[in-house]
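Take a look at the letters that make up each chain.
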Amino acid sequence: MARQQPPPWVHTAFLFCLLSLSGAIEIPMDLSQPPTITKQSVKDHIVDPRDNILIECEAKGNPAPSFHWTRNSRFFNIAKDPRVSMRRRSGTLVIDFRSGGRPEEYEGEYQCFARNKFGTALSNRIRLQVSKSPLWPKENLDPVVVQEGAPLTLQCNPPPGLPSPVIFWMSSSMEPITQDKRVSQGHNGDLYFSNVMLQDMQTDYSCNARFHFTHTIQQKNPFNLKVLTNHPYNDSSLRNHPDMYSARGVAERTPSFMYPQGTASSQMVLRGMDLLLECIASGVPTPDIAWYKKGGDLPSDKAKFENFNKALRITNVSEEDSGEYFCLASNKMGSIRHTISVRVKAAPYWLDEPKNLILAPGEDGRLVCRANGNPKPTVQWMVNGEPLQSAPPNPNREVAGDTIIFRDTQISSRAVYQCNTSNEHGYLLANAFVSVLDVPPRMLSPRNQLIRVILYNRTRLDCPFFGSPIPTLRWFKNGQGSNLDGGNYHVYENGSLEIKMIRKEDQGIYTCVATNILGKAENQVRLEVKDPTRIYRMPEDQIAKRGTTVQLECRVKHDPSLKLTVYWLKDDEPLYVGNRMKKEEDSLTIFGVAERDQGSYTCVASTELDQDLAKAYLTVLGRPDRPRDLELTDLAERSVRLTWIPGDDNNSPITDYVVQFEEDQFQPGVWHDHSKFPGSVNSAVLQLSPYVNYQFRVIAINEVGSSHPSLPSERYRTSGAPPESNPSDVKGEGTRKNNMEITWTPMNATSAFGPNLRYIVKWRRRETRETWNNVTVWGSRYVVGQTPVYVPYEIRVQAENDFGKGPEPDTVIGYSGEDLPSAPRRFRVRQPNLETINLEWDHPEHPNGILIGYTLKYVAFNGTKVGKQIVENFSPNQTKFTMQRADPVSRYRFSLSARTQVGSGEAVTEESPAPPNEAYTNNQADIATQGWFIGLMCAVALLVLTLLIVCFIKRSRGGKYPVREKKDVPLGPEDPKEEDGSFDYSDEDNKPLQGSQTSLDGTIKQQESDDSLVDYGEGGEGQFNEDGSFIGQYTVKKDKEETEGNESSEATSPVNAIYSLA
């Protein structure tokens, strides 16, 4: 977390008029003045031949100046050339080639003249050149024959273009030529080989030139190399050999310089340009280059090394960079050095450039033109474009070398003077006019402006003015009489008032007053002081793992009268807030942090007057970059050294390296882990197996994850040998009942040790000790047929390749195929009591394989009723099972079978024994003595007794019915009661018992009404017993039948009730 220093413009006030503190006073354009050049083309003006030509020249003055040109120091008559025109109100030349013409015809040196009645101003001498991209001359190049280890230079010699083309080397198929300290391109475009190797023949070499204006690339015919060698095979394993040159029979040599030649040379450079020193050396091994300066150190702030240390560049050269430099080329055979004497020259540069001179009549003044250079430049004065010595004499003017002095200047002295200073390396031309005016003071800016400034800042109040003679300027605050100058205030020559540190009390109204002998003028500025914008809680540096969430805080305090804007920068560029980011008023949240989110985050809080910055750095812990530049060295029969360059750890230290290998015989393209090494090493010796064509790659691991694999190394093949091991996981198992399949895990590439890996398979019956059967197999299985069922075999599998056999193999016991087992023996069912049944059995007599368990199926049955079948599975060692009966009456039928991998064998079936009769009797007696059963019987008897009593009461209350002769005579309520043969009827008889009547079937019948027996008798005949009592059913009235249907009550006689209970 850091508070960043704001740029210089941040706290600057909105000034009255931004004039340079040391700038010359400008004449207002409404006043008469000589011409001034405001825009012109560069001195060396190179143009594209495909475009129209523009040569710029613009000027100001009052009256507006007119323009004319010279070409090669002669008047250039524009009117005579239809292709040439001049822009309106400008001196810019336009040369149009749309109607034809050759741009080269207009090359030359041009100069622009801007003139009005007060003088003439001149532009620089502009040299116009047309860009050129000439074609490369066609040439047939013979193959370049060179001895391996010898130096070689392939010359480019590009065609001379304008500007010079950019040179680069490629193959004819447009593949770039790989450059290193052995092979590199020089500054002159040539390609240098410090020593040639056989692999340099694998491509051709073509020099290419890219021209700036046409954006075209021209390609030279390619060079083909023919390398003579003592080791004709380009064995890739020797390329990284620690002593590669001696391994290839190349003699080692001490260094010698290919460029520059000899032991010393000299070089001249102009002040302000870049100095480029170059040393390219040959030798075996390739030399290293180091640079030194005699009598001092290299300028560390300006010096940098290029082209694999073969070049030294010093930027913006000054005189103190001259001296002797030397390069040292060294290898293990020796060293040499080359000394370069550097001389720094200088084109003219300004010490005191002449400036416009504004004088009142009778005033004195001077123009000064001072320049330096190496060699010392000469100074030439001109007036209105003519040499001063050719101008009419002026008694008020005196020339003293680089100075012109004016005394008692008059109106006639107005003119434009030119100072030309030059040496052999260039020239400088400056215009400065002398203007004689009589003008009272005037203010040049708007009046009564408001300026808002930030507390504690340095602030400048400008008051642009003009007058001749030059007025004096004074400042006042709030109308006070004292002039503001000194202490916290400073007034510059141009009238600007600087307040060194703004305070609250500096707020107010400031008045500037300009005075000369012709009068005075004034202006006012109102100054407001605002509180600064400050970030009081800044974002902090954070370290985050990829995928996590990060929040950066930024809390701001500012002047409430100013509008605040808060935004973020990433790596000093505006931050795009995507869908993974959330910007709030006082924070920035990043969700799912990724590697691309790493960088500096700057919170910018700004108002229209100032801003504050706070920066924090977000470090994202990511997976490491892939290792690179794998090299194989120390090549041995069974080992090799692998070296690699670690990739960037992406802020999380590398903890491990995993080395993987791939071979191209057994599993091409499949990578296997070889070994693992700590993250602190980048070189390891790898143990290898015989007859493997190895290729290696390396994966880096850190706390976040694994890198992408490195690019693979070169291949390295080891020599062959007989196998040192045999295949593993040898098994013999039957797939059918009459065979045995012998299988094994095949050996991989690192255990084959030679070509044509095969397996010798042997087997025999274990009990018989018969002779071994054998067969040679190239796969990983062999099936032996016509075998007995499940018998043991002795098995051996031995590896063999073209170099021999492996060690004697171990003997493995296998079995032929299994079959269904026979039924379990002696299956017994016992029933010790009415609650459990015990089952027992013995193993089958013929298992015919490995028993994997038993299956028991049983079902309960009782007469013809059969229950649901239940299945139980037991382990092969279990021979007992106890079952809990669901009820004491049912019997059970059991079916038991044994299982092998083939399936379930023959089943044996048994049933549980039938229960004896006494058991049944005892069971009934047991029930009769149970408490619940006795209670139930008592409840039933009590219910029957209650019903009998109710029926008896109902009968006795009904009275007696007289025996009638005719059944159809109704009995009315008005009949008198009789002692004998009579039937008592009263209202009480019709009252229900407790509001309802209970039927014998236990339902409750709601009493319908107090109907008479006559009503019940309607619609049907009554039924009587022999003694005349009414025992038939009686029915409800007809209307009740229609409405209630089945809900009519039914009375039952007590006898019937008793019968129904029986």
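Provided above is the structure to which this section pertains.
So, how was this worked out
Residues numbered from 1 in each chain as written. Predicted model: local features only at pLDDT ≥ 70, side-chain atom pairs only at ≥ 80, totals over all residues. Heavy atoms only, no water. Helix = DSSP H or I, 4+ residues; strand = E, 2+ residues; numbered from the N terminus. Buried < 20%, exposed > 50% of the residue type's maximum accessible area, 1.4 Å probe, protein only. Contact = heavy atoms within 4.5 Å. Pairing = 2+ DSSP bridges. Disulfide = S-S within 2.5 Å. Axes fitted to C-alpha atoms, helices over the stretch in contact; angles between N-to-C directions. Lys, Arg positive; Asp, Glu negative; His and termini not counted. Salt bridge = Lys/Arg side-chain N within 4 Å of Asp/Glu carboxyl O. Polar contact = N/O pair within 3.5 Å; in protein donor to acceptor, adjacent residues only side chain to side chain.

K.L.:
If you had to explain the overall build of the protein to someone new, which residues and values would you point to?
P.N.:
From N to C terminus, the protein includes eight helices and 82 strands. Relative to its full complement of 1062 residues, the protein shows a buried share of 41%. Of the contacts formed within the protein by residues at least 6 apart in sequence, a portion of 65% connects residues at least 24 apart.

K.L.:
Tell me about the pairing of strand β52 (residues 565–570), and name the residues and values.
P.N.:
Direction of pairing for β52 relative to strand β56 (residues 599–606): antiparallel, over a ladder of six bridges. Pairing of Trp568 across the sheet is with Cys603, part of β56. Pairing between β52 and strand β53 (residues 573–574): two bridges, direction antiparallel. The partner of Lys570 across the bridge, within β53, is Glu573. Turn length for the β52-β53 hairpin, with the two strands adjacent in sequence and antiparallel, is two residues, and the turn residue Asp571 shows positive phi of about 55°.

K.L.:
Let's hear about the state of the cysteines: which residues, and what values?
P.N.:
In this structure the tally under the stated criterion is six disulfides. Paired through a disulfide, Cys554 and Cys603 show a sulfur-sulfur distance of 1.8 Å. The S-S bond linking Cys554 to Cys603 shows a torsion near -75°; that makes this disulfide left-handed. Taken together, the positions of Cys554 in the loop between β50 (550–553) and β51 (555–557) and Cys603 in strand β56 put the pair 49 residues apart, joining distant regions of the chain. The buried category is assigned to Cys554, whose relative accessible area is 1%. For the protein, numbering the cysteines in disulfides from first to last along the sequence yields the connectivity 1-2, 3-4, 5-6, 7-8, 9-10, 11-12.

K.L.:
Go over the sheet that holds strand β65 (residues 728–733), please, and point to the residues and values.
P.N.:
With antiparallel pairing, the three strands of this open sheet are ordered in space as β65-β66-β69. Every other strand in the sheet has two partners, leaving β65 and β69 (781–785) as the edge strands with one partner each. Averaged over all neighbouring strand pairs, the angle between strand axes comes to 10°, with direction disregarded.

K.L.:
Help me get a handle on the side chain of Asp610, residues and values and all.
P.N.:
Within the fold, Asp610 resides in the loop between β56 and β57 (611–621). Buried within the structure, Asp610 lacks any salt-bridge partner; Arg534 is the closest side chain of opposite charge, at an N-O distance of 4.8 Å. Within polar-contact distance, the side chain of Asp610 engages the backbone nitrogen of Thr533 at 2.9 Å.

K.L.:
So what's going on with unusual backbone geometry? Residues and values would help.
P.N.:
Here Val284 and Pro285 are connected by a cis peptide whose omega angle stands at -5°. Within the secondary structure, Pro285 is located in the loop between β24 (280–284) and β25 (288–293). Positive phi outside glycine occurs at Asn307, with the angle close to 50°. Considering the arrangement of structural elements, one finds Asn307 in the loop between β26 (303–306) and β27 (311–314). The phi torsion at Asn448 lies on the positive side, around 55°, for a residue other than glycine. As for its position among the elements, Asn448 is in the loop between β39 (439–443) and β40 (449–454).

K.L.:
Give me the lowdown on the sheet that holds strand β45 (residues 497–499), citing residues and values where you can.
P.N.:
Spatial ordering of the open sheet is given by β41-β45-β44, a layout of three strands whose pairing is antiparallel. For this open sheet the edge positions go to β41 (459–461) and β44 (489–491), each flanked by a neighbour on one side alone. Neighbour-to-neighbour, the strand axes of the sheet open up by a mean angle of 20°, direction not taken into account. Bridge count for β41 against β45 is three bridges, and the pairing is antiparallel. Note that in β45 the partner of Leu461 across the bridge is Leu497.

K.L.:
Describe the environment of Ile760, and please don't skip the residues or the numbers.
P.N.:
Structurally, Ile760 is set in strand β67 (residues 758–765). Of the residues examined, Ile760 reaches a relative accessible area of 10% and is grouped as buried. Taking the C-alpha atoms as reference points, Ile760 and Arg796, 36 residues apart in sequence, are found 8.0 Å from one another. In this view, Ile760 contacts Val775, Thr776, Arg796, Val797, Gln798, Glu800 and Lys805; residues no more than four positions away in its chain are not counted.

K.L.:
Any chance you could break down the pairing of strand β59 (residues 639–645) for me, citing the residues and the numbers?
P.N.:
Taken together, the four bridges between strand β58 (residues 628–633) and β59 define a ladder with antiparallel strand orientation. By the bridge assignment for β59, Glu631 is matched with Thr643. Bridge count between β59 and strand β62 (residues 683–687): five bridges; the pairing is antiparallel. Across the sheet, residue Val640 finds its bridge partner in β62, namely Leu686.

Everything listed is a geometric property; what it means functionally is a separate question.
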